[in-house]
Every structure is written in structure tokens, then in C-alpha cells.
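# Secondary and tertiary structure notes
Each chain is listed here by its residues.
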Amino acid sequence: MTRLSEEWRRTHYTKEVDENTAGNEVTVMGWVHEIRDLGGIIFVLIRDREGQIQLTAPTKHIDPEVLEMVKKLRKESVIGMKGIVQESGKAPNGVEIIPSEIKIFNLANQPLPMDPTEKVKAEIDTRLDSRFMDLRKSSVSAIFKIKSRMLHSTRTFFEENDYIEVNTPKLVASATEGGTELFPITYFEREAFLSQSPQLYKQMMMSAGFDKVYEIAQIFRAEEHDTLRHLNEAISIDMEASFMDDADVMKVLNDLVKEVIIDIKDNCKNELNTLEVNLEVPEGQFEVVTYDDAVDMINSKDVPMEWGEDLSRAAEKALGDMMDGYYFLTEWPTEIKPFYVMPNEKTPEKSHAFDLMYKNLEISSGAMRVHQADMLRENIAKKGLNPDAFGAYLKAFEYGMPPHAGWGLGADRFNMTLTGLENIRETVLFPRDRRRLTP
């Protein structure tokens, strides 16, 4: 094993080694993916983040020292390789490398904790226990390349539409919406909590005159769910905008989702092919289903639901079976929404709240907000909360708070819709749920 020296630097990623480089010397670095020793010739597949390339070692025609190095190789060891590129129709990229020098940076222990070639399948818990190895699989790394592009595209969308990026605290003194779904921590001599949402701070930025803001950051919810769609630490994409109502920010969300999908189709073709996902760009504006209509639709499928209830999992499935792709669920009952959601002026029992659904999966919630301090205090008290605990927040509404609206989009759930995954744990590098705190 050796260290990286000045003369050893990568010249090409594997996908850059093709027929155009035939006859040239290249330096490739990566992991030993597979080894096939046929006696007179040894084939080694080298893998990096961009793909694979074949090292071909004819035992009688390469330097004996190089051959000895090839014979020492173990699967998943980290190596560097210099050699001449030559065309080979059966090799990845249509070329192979005849090695002139090999450096072994780190030999991998054997046996491996799991098979990164995916010939031997593993259950999700086994995969997560050895996540560093699981992430080496092309089908897994593809998920996170798409997620990276999604977050990049999201930022680009906001920046091009004049939003200001903000960073709100993740250590807070009280709940955003009340309730017990909080992770308490010791904060010097007092108790604090991990933030459930940037909601209150986003609204305070409206009072500060920032007009349009966004944030991409972690949120924490102490929910004891054990499902395929819940995590206790997640990434939320949040926005808030002044002088907009729920219809306005629904259009922003609609446009963002479409722009992200277009960008991923253009820039993640290999990853989509690896996952065997045919990503369709939605046409026009997403369909809108009112809560009233949703209740009727769900009951028509023999799933009991009373007006005023939140959607159960069975209700979400029933509704999702009747819908295709993305759609908005609007006019939610005021009673089951947080205190900062604006009631409808004509029918106060209904609110200016909405969810964005993908089939049976909720991926975003938003609303027009209450911007009057007196109404906020009243709503907080109605929810059984103490308005005094929201003093710093309420103060921002007493000195010129504009009308405003916004939403939060679950980045991990959004990535499920982009990659065709059914388990949210697969969309997070190191997921945190009620049973998992490592690795």
C-alpha cells in the first residue's frame, strides 16, 4: 500500500476514457469492482463515481511487477492505474486499459460486509448497517446524484426568481406549532428543542421586508411513526413570499416541480436509466381537488371518512388510486390546521391551506398566513397554547406585517417521486428514524 504522491494524479474519470482516448496514456483511480482471472489473461473492472473501466492484463505481455500487483488485488480495494487505452468492443465504453503501473492505496478486508455488485441482494436494514458499502452501488449512488441535481435546480429556480436564501435557527425555545413532537435538548441551564420547521422565522422575514425568501435545511420531528414515508430528521425546502396568497404560491410550487423534472431529465439521463425510471414532465397546471370533494371520493371507495378529519393512510391510498401524478388538495378545515393558517373570509370553517400530493403521497403543505397580531393571539389560545410563549414571533406582527403565504416541500419525499422509490430511507444518506441512530 502506498500514499498519494505528486506524480500520481487522476487524468480521467472512467466515463471520459473512450475511443477518443485510444492510444493515449491515462491515469484512473477508483475501487476494484470485479476480478476475473482466466489464467492467460486477467480482467479487472475499476469503478469510480462516474462509471467503470476495464483493466486488461495479458499475463505474458505485461511487466512482471505489474502482473504481481494485479494478482494482489482484492475486490473493493482502492487503486490507481496508469496505462495505454486501446479499443475493445466487449469492454465498458468500448475500450480497455493495458496497465503500465499500478498503485494500491488501500487493500480491502475480505469478506465484504455486503456485495456492491448487486448480484447478492440485501435487505434495507443490512444495507443501512453498512451504508458506506451500499452507497458504492450504482443504483444507490444514482439516487443521490438525482437528489443533488434536484437541490441544485431548486436553488437555481429560487435565485432566478429573486428569492433570498436565509438560514433560520435549528435550536429553538418552543414548538413551532405546539404539540409534543419535539426533541428536547439541554441548552446550558435550560431546556431547548430541535426545530420542527422554519415557519415562524420565515414569517418574521416578511415583517423584515425581505419580500421573498427560501431555505433548504434539516427539520426534526419526534413522531413515533414506523412507516415507509416518515423520518425523524428530514430536509425541507421552504419558501415564503409577501403580497401573495395561497393560489400564488401554489403556482410557484407547480412551476418549481416542473422545472426540477425538466432539469433532471436533461442532466441525469444515466442515473434515470440505471434506476429504470421514465420521468414524465407534467403538463400545464396540476389538478386541484377540494377537501370536500376528496371526502366524497374517499367514501365512494368504501373508506369511511368524516368531514373535519385528517386523511388516514387508507384515505390517502383510496384518493391516490383515483388520481394520476401531482395534484393539489385545497380548502382544508381550519380546525385541523396550525394557528397561523388564514381562514376563508366567507366560510371560516375552511382555510386557505393546501397540500401537494403525488398519487397517495403528501410531499408539500402550504397556506396563506394570518398576518394580523390580534387574530394570531386568538388562534394560538384556541389551540390550547400560551400566546406569551410566542412573544418574539408575535412582536413581528405588531409593527407592519404584510399579507403573505408560503409552503414547505419535503425534499426526501420529492426525491421519492423522482426516483420511483417507495421507502424514504433509501433517499437519505444516513436516515434517522425511531429505531436508527447509527451509522
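Scroll up a little and you will see the structure.
The shown structure was predicted, so the numbers you read here are calculated from the model rather than taken from an experiment. (Residues numbered from 1 in each chain as written. Predicted model: local features only at pLDDT ≥ 70, side-chain atom pairs only at ≥ 80, totals over all residues. Heavy atoms only, no water.)

### A word on the overall build of the protein chain
Counted only if it meets this: Note on conventions: DSSP H or I runs of at least 4 residues are helices, E runs of at least 2 residues are strands, and numbering of each starts at the N terminus. Any pair of residues with heavy atoms lying within 4.5 Å of one another is described as a contacting pair. Here the accessible surface of atoms and residues is derived via Shrake-Rupley with a 1.4 Å probe, and residues count as covered only by protein chains that are part of the display. As used throughout, the charge tally considers Lys and Arg to be positive and Asp and Glu to be negative, leaving His and the chain termini uncounted. To locate a charge, take NZ of a lysine, CZ of an arginine, CG of an aspartate or CD of a glutamate.
Looking only at helices and strands, the protein chain features 12 helices and 16 strands. With the C-alpha coordinates of the protein chain rotated into their principal frame, the extents come out at 85 × 55 × 40 Å. The long-range fraction of contacts in the protein chain, counting pairs at least 24 apart against all pairs at least 6 apart in sequence, stands at 66%. Of the roughly 21,800 Å² that the protein chain leaves accessible, carbon and sulfur atoms contribute 48%. Averaging the coordinates of the 53 positive side-chain charges in the protein chain and doing the same for the 75 negative ones gives two points 6 Å apart.

### Some words on a negative patch on the surface
So the rule is basically this: Exposure above 30% relative accessible area and no salt bridge define the residues that can form patches, which grow by joining like charges within 9 Å and nonpolar side chains of Val, Leu, Ile, Met, Phe, Trp and Tyr within 5 Å. Here a salt bridge means any side-chain nitrogen of Lys or Arg lying within 4 Å of a carboxyl oxygen belonging to Asp or Glu.
Residues E6, E7, E25 and E101 make up a contiguous surface patch of negative charge. For E7, the location among the structural elements is in the segment before strand 1 (25-37).

### Quick word on the pairing of strand 16 (residues 404-410)
Worth spelling out the cut-off: Between buried and exposed lies partly exposed: a residue is buried under 20% and exposed over 50% of the maximum accessible area for its type, with that area taken using a 1.4 Å probe on protein chains only. Two strands make a pair as long as DSSP finds a minimum of two bridges between them.
Within strand 16, 6 of the 7 residues are buried, which leaves the element mostly enclosed by the surrounding structure. Relative to strand 16, strand 11 (residues 233-242) is paired through 7 bridges, and the arrangement is antiparallel. By the bridge assignment for strand 16, M239 is matched with W407. Alignment of strand 15 (residues 361-368) against strand 16, held across 5 bridges, turns out to be antiparallel. Each bridged residue has a counterpart across the sheet, and for S365 the counterpart in strand 16 is G408.

### Some remarks on the side chain of S242
Residue position: S242 is located in strand 11. By relative accessible area, which is 5% here, S242 ends up buried. Among residues more than four places away in sequence, those in contact with S242 are M206, D211, P402, P403 and H404.

### Thoughts on the pattern of salt bridges
This model, assessed by the stated rule, comprises 29 salt bridges. Residue R47 is joined to E76 by a salt bridge in which the shortest nitrogen-to-oxygen separation is 2.8 Å. Here R47 is found in strand 2 (residues 41-48), whereas its partner E76 is found in the loop between helix 1 (64-72) and strand 4 (78-87), with 29 residues between them in sequence. A salt bridge links K350 to D292; its shortest N-O distance comes to 2.7 Å. On the criterion of sequence distance, the pair formed by K350 in the loop between strand 13 (326-330) and strand 14 (353-358) and D292 in helix 8 (residues 291-300) is long-range, its members being 58 residues apart. One network of salt bridges, in which partners are shared, links R127, R131, D134, K137 and E426.

### Quick word on the sheet that holds strand 10 (residues 212-220)
Let me state the cut-off plainly: Only the stretch in contact is used when fitting a helix axis, every axis being a line fitted to C-alpha atoms; angles between N-to-C directions are given from 0 to 180 degrees.
In spatial order, the strands read 6-10-11-16-15-14-13-12; together these 8 strands make up an open sheet with mixed pairing. In this open sheet, the two strands that pair with only one neighbour each are strand 6 (164-165) and strand 12 (287-290). Each of strand 11, strand 13, strand 14, strand 15 and strand 16 touches helix 12 (residues 411-419); the most contacted strand, strand 15, lies at about 130° to it.

### A few points about the packing of aromatic side chains
Short version of the rule: To pair, rings of Phe, Tyr and Trp, with the six-membered ring standing in for Trp, must have centres within 6.5 Å; the planes then decide the type, stacked if under 30 degrees apart, edge-to-face if over 60, and tilted in the middle.
In the structure shown here, the tally under the stated rule is 15 aromatic pairs. Seen in terms of ring centroids, F286 and Y326 are 5.3 Å apart; in terms of plane orientation they differ by 20°. Their pairing is stacked. Of this pair, F286 sits in the loop between helix 7 (269-275) and strand 12 while Y326 sits in strand 13, placing them 40 residues apart in sequence. Given the relative accessible area of 9%, Y326 is considered buried. Considering the side-chain rings of Y291 and W332, the 5.4 Å spacing of their centres and the 45° angle between planes classify their relative orientation as tilted. On the criterion of sequence distance, the pair formed by Y291 in helix 8 and W332 in the loop between strand 13 and strand 14 is long-range, its members being 41 residues apart. Considered together, Y291 and W332 belong to a single accessibility category, that of buried residues.

### A closer look at the nonpolar core
Our working definition: Working definition of a nonpolar core: buried Ala, Val, Leu, Ile, Met, Phe, Trp, Tyr and Cys residues. They are joined through side-chain atoms within 4.5 Å.
Ranked by size, the top nonpolar core spans 86 residues in total, and within it W407 and L418 carry the most contacts. The contact partners of L418, leaving out residues within four places of it in the chain, are I146, M150, V260, I261, I264, L272, V277, L279 and Y326. Formed by 23 residues, the second largest nonpolar core is a distinct cluster that contains L55, V66, V85 and I97.

### Remarks on the environment of S153
Position of S153 among the secondary structure elements: in helix 4 (residues 138-160). Since its relative accessible area comes to 7%, S153 is described here as buried. Distance in space between the C-alpha atoms of S153 and V260 is 5.6 Å, their sequence separation being 107 residues. Sequence-distant contacts of S153, that is, excluding residues within four places in its chain, are made with E259, V260 and D263.

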